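Each chain, written out:
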Amino acid sequence: QVQLVESGGGLVQAGGSLRLSCAASGRTFSRYAMGWFRQAPGKEREFVAAISWSGDSTYYTDSVKGRFTITRDNVQNTMYLQMNSLKPEDTAVYYCAASGLTMGVTDRLADFNSWGQGTQVTVSS
């Protein structure tokens, strides 16, 4: 099992930027694909972005393509989500997650077996 701790959330105006971090400990971080999900009030948790163990492959949900960038540092055991041009509809609790995949990327919630506690992102209009 890997322990995940998110940070970097906050309140920002529309058009602004935030960078989320996810610090990992425990299970070897660098072996597995990782991802970011979000959950808005009254809605189901949804996929945002994923990255392969090496960082060579990334995948984004359509609504954030061109605005969000997922990266990872396997030396620092940390994953990041750079969020630019934020919109009010990006408001949600953001969760980082670790999968059991050692190859490729996935957007399936069921493939992720470790979760952080979440960090709130609020975008005002």
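Look a little higher up for the structure.
From a predicted model like this one, the values you see are computed outputs, not experimental measurements. (Residues numbered from 1 in each chain as written. Predicted model: local features only at pLDDT ≥ 70, side-chain atom pairs only at ≥ 80, totals over all residues. Heavy atoms only, no water.)

Undergrad: Just to check I follow, could you spell out the overall build of the chain for this structure?
TA: A tally of regular secondary structure across the chain gives zero helices and eleven strands. Along the chain direction, N to C, the helices and strands of the chain fall in the order β-β-β-β-β-β-β-β-β-β-β. Scaling as 2.2 N^0.38, a compact globule of 125 residues should have a C-alpha radius of gyration of about 14 Å, and the chain matches this with 13 Å. Projected onto its principal axes, the C-alpha positions of the chain cover 40 × 25 × 25 Å. Taking all contacts inside the chain whose residues are at least 6 apart in sequence as the whole, residues at least 24 apart take part in 59%. If you sum the accessible surface of the chain, you get close to 6,200 Å²; carbon and sulfur atoms cover 46% of it. (Helix = DSSP H or I, 4+ residues; strand = E, 2+ residues; numbered from the N terminus. Rg over C-alpha atoms; globule rule 2.2 N^0.38 Å. Contact = heavy atoms within 4.5 Å. Areas by Shrake-Rupley, 256 points an atom, 1.4 Å probe, with all protein chains shown as cover.)

Undergrad: Is there a simple way to think about the packing of aromatic side chains in this case?
TA: Two measures describe an aromatic ring pair: the distance that separates the ring centres and the angle between the ring planes. One pass over the structure, following the stated rule, counts five aromatic pairs. Both rings, one in Phe-112 and one in Trp-115, keep their centres 6.3 Å apart while their planes meet at 55°; by these two values the pair is tilted. Members of the aromatic cluster, each reached through a chain of ring pairs, are Phe-37, Phe-47, Tyr-59, Phe-112 and Trp-115. Lying over the aromatic face of Trp-115, Arg-45 brings its terminal NZ or CZ to 4.8 Å of the ring centre. It is Arg-72 that lies over the ring of Phe-29; its NZ or CZ is 4.4 Å from the centre. (Phe/Tyr/Trp six-rings, centres within 6.5 Å; stacked < 30°, edge-to-face > 60°. Lys NZ or Arg CZ within 6 Å of the ring centre and 35° of its normal.)

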